[in-house]
Amino acid sequence: MEDRGISQAVIRRLPRYYRYLGELLEGGVERISSNDLSKRMNVTASQIRQDLNNFGGFGQQGYGYNVKYLYTEIGKILGLEEDHNIIIIGAGNLGQALANYAAFEKRGFILKGIFDVNPRLAGVTIRGVPIRMMDELRSFVANNEVDIAALTIPKDKAEEVADMLVENGVRAIWNFAHIDLNLPDNVIVENVHLSESLMQLSYNISRYNEEHQK
Ligand code: NAI
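Residues numbered from 1 in each chain as written. Predicted model: local features only at pLDDT ≥ 70, side-chain atom pairs only at ≥ 80, totals over all residues. Heavy atoms only, no water.

## So, the packing of aromatic side chains
To be explicit about the condition: Each Phe, Tyr or Trp ring (for Trp, its six-membered ring) is paired with any other whose centre lies within 6.5 Å, and the angle between the two planes then decides the class: stacked below 30 degrees, edge-to-face above 60, tilted in between. The helix count covers DSSP runs of H or I at least four residues long, the strand count covers runs of E at least two residues long, and both are numbered beginning at the N terminus. Only protein chains enter the area calculation, which uses a 1.4 Å probe; residues under 20% of their type maximum are buried, those over 50% are exposed, and those in between are partly exposed.
Per the stated rule, a full pass over the model turns up five aromatic pairs. An angle of 10° between the planes, with centres 4.3 Å apart, marks the rings of tyrosine 18 and tyrosine 71 as stacked. Residue tyrosine 18 is found in helix H1 (residues 8–26), and its partner tyrosine 71 is found in helix H4 (residues 67–77); the two are separated by 53 residues along the sequence. Taking the relative accessible area as the measure of exposure, tyrosine 18 reaches 10% and is therefore buried.

And the structure:
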């Protein structure tokens, strides 16, 4: 999927620009050159210029980038100017960890509901949000605007729960269950697999070791 002709590779790099620019803003920095940003981010200045040129003329020769402007524009491209309501399905270790992470809210991801099948969790609250039982999910989704559902349930339950969410109008799934969901094209799925990131790390460790044994 392309966004305004911007490649997915660039889109994947935007959150990191957004984070650095946010830190600069908090530090009171109003403008920054691509060279300075490059040193901070450990990316070449030409990569930064190429990436940010996608959004048309944010940088000015001899002036650099206007941090606030660029931060705001990247935020718009990432769809962060609007809040997103989130529910979490599966209030186990991972679901509770996500629910406890208050910083998502700073980015406009608002936790609206947490669901599970375990009756022992019924009514337990996490940051003021009660864990509800799955039999309430359908009516909850019908009566609340739910933009994103995070799936932190066992993988053998993920497909059926995802189908039910989609049937009830949820259009975006943040999938942590280790399964590739088979959903209609109008449903947006983002898979997050920490183990894949760990395998990447392991690969890089092996590669480093090989290179340094030569
Ligand atoms: P957990 O066992 O602590 O929690 C799972 C929760 O889901 C339990 O509270 C259980 O009652 C609930 N549940 C089971 N069936 C359900 C259903 N049909 N509807 C609603 N809730 C249901 O497990 P943990 O460690 O929190 O992991 C959750 C899932 O996330 C697992 O599939 C695990 O493999 C995956 N996982 C993925 C990671 C990733 O990076 N993608 C990292 C860690 C876990």
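## Re the site of the ligand
Put simply, the rule reads: For this purpose, a residue is taken to be near a molecule or strand whenever a single non-hydrogen atom of the residue falls within 4 Å of it. Counting of polar contacts relies on pairs of N or O atoms within 3.5 Å, with two restrictions inside protein: one atom must be capable of donating a hydrogen and the other of accepting it, and residues adjacent in sequence are counted only when both atoms are side-chain atoms. Surface exposure here means Shrake-Rupley accessible area, sampled with a 1.4 Å probe, where a residue is shielded only by the protein chains that are shown. Three classes are used, and their members are as follows: Ala, Val, Leu, Ile, Met, Phe, Trp, Tyr, Cys and Pro are nonpolar, Asp, Glu, Lys and Arg are charged, and the others, Gly among them, are polar.
Residues in contact with the ligand amount to 22 residues; listed here are only the nearest, Leu94, Asp116, Ile153, Val192 and Leu194. Within the backbone of phenylalanine 176, a nitrogen or oxygen atom sits 2.9 Å from a nitrogen atom of the ligand. Contact between the ligand and leucine 194: an oxygen atom at 2.6 Å from a main-chain N or O atom of the residue. For the ligand, whose free accessible area comes to 850 Å², the fraction covered by protein is 74%. Elements that contribute at least two residues to the shell around the ligand include exactly helix H5 (93–100) and helix H8 (155–167). For the shell around the ligand, the leading source of residues is H8, giving three residues. Residues belonging to the shell around the ligand are distributed by class as follows: 12 nonpolar, seven polar and three charged.

## Here's the deal with the UniProt feature "domain: CoA-binding" (unreviewed entry) in the protein
Convention followed: UniProt positions are given in the numbering used here, feature names are shortened, and annotations may be inferred rather than shown by experiment.
If you check UniProt for "domain: CoA-binding" (unreviewed entry), the listed places come out as residues 79–180 in our numbering. In residues 79–180, helix accounts for 31% and strand for 28%; the two terminal C-alpha atoms are 25 Å from one another.

## Thoughts on the layout of surface pockets
The condition is simple: Here a cavity denotes grid points, spaced 1 Å and computed from the protein atoms alone, that fit a 1.4 Å probe unable to get out, and a pocket denotes an open set having protein on both sides within 12 Å along at least 5 of 7 lines; residues with an atom within 4 Å of a point are the lining. Grid points are joined across faces, edges and corners, and a volume is the space filled by probe spheres set on the points. Boundaries between domains were set according to an automatic or database domain assignment.
Taken as a whole, the largest pocket encloses approximately 1800 Å³ of empty space. Along the walls of the largest pocket sit 35 residues, with Pro15, Leu78, Leu80, Phe109 and Glu190 positioned nearest its centre. Elements that contribute at least two residues to the lining of the largest pocket include exactly H1, H4, strand S4 (84–89), helix H6 (103–106), strand S9 (172–175) and strand S10 (188–191). Considering each element in turn, the lining of the largest pocket owes the most residues, 10 residues, to H1. Within the lining of the largest pocket, the residues separate by chemical class into 20 nonpolar, four polar and 11 charged. When residues of the lining of the largest pocket are assigned to domains, at least three fall in each of domain 1 (8–77) and domain 2 (84–196).

## Regarding empty space enclosed by the protein
According to the stated counting rule, one finds one cavity of 30 Å³ or more in the structure shown. By volume, the largest cavity is sized at about 90 Å³. Taken together, 13 residues form the lining of the largest cavity, with Ile86, Ile88, Leu98, Phe104 and Leu111 sitting closest to its centre. Elements represented by at least two residues in the lining of the largest cavity include exactly S4, H5, H6 and strand S5 (109–116). The element contributing the most residues to the lining of the largest cavity is S5, with three residues. Grouping the amino acids of the lining of the largest cavity by side-chain chemistry returns 11 nonpolar, no polar and two charged.

## A short note on the domain arrangement of the protein
Assigned domains within the protein: domain 1 (8–77) and domain 2 (84–196). For domain 1 versus domain 2, the separation of C-alpha centres amounts to 32 Å.

## Description of the pattern of salt bridges
Opposite charge on two side chains permits pairing when their charged atoms draw close. What counts is decided by this rule: One side-chain nitrogen of Lys or Arg within 4 Å of one carboxyl oxygen of Asp or Glu is enough to make a salt bridge.
Applying the stated criterion across every chain yields a total of six salt bridges. In this structure, the salt-bridge partner of glutamate 136 is arginine 132, at a minimum N-O distance of 3.6 Å. You can call glutamate 136 partly exposed: its relative accessible area is 36%. Between lysine 157 and aspartate 156 there is a salt bridge; the shortest N-O distance is 3.9 Å. Classification of lysine 157 as partly exposed rests on a relative accessible area of 40%.

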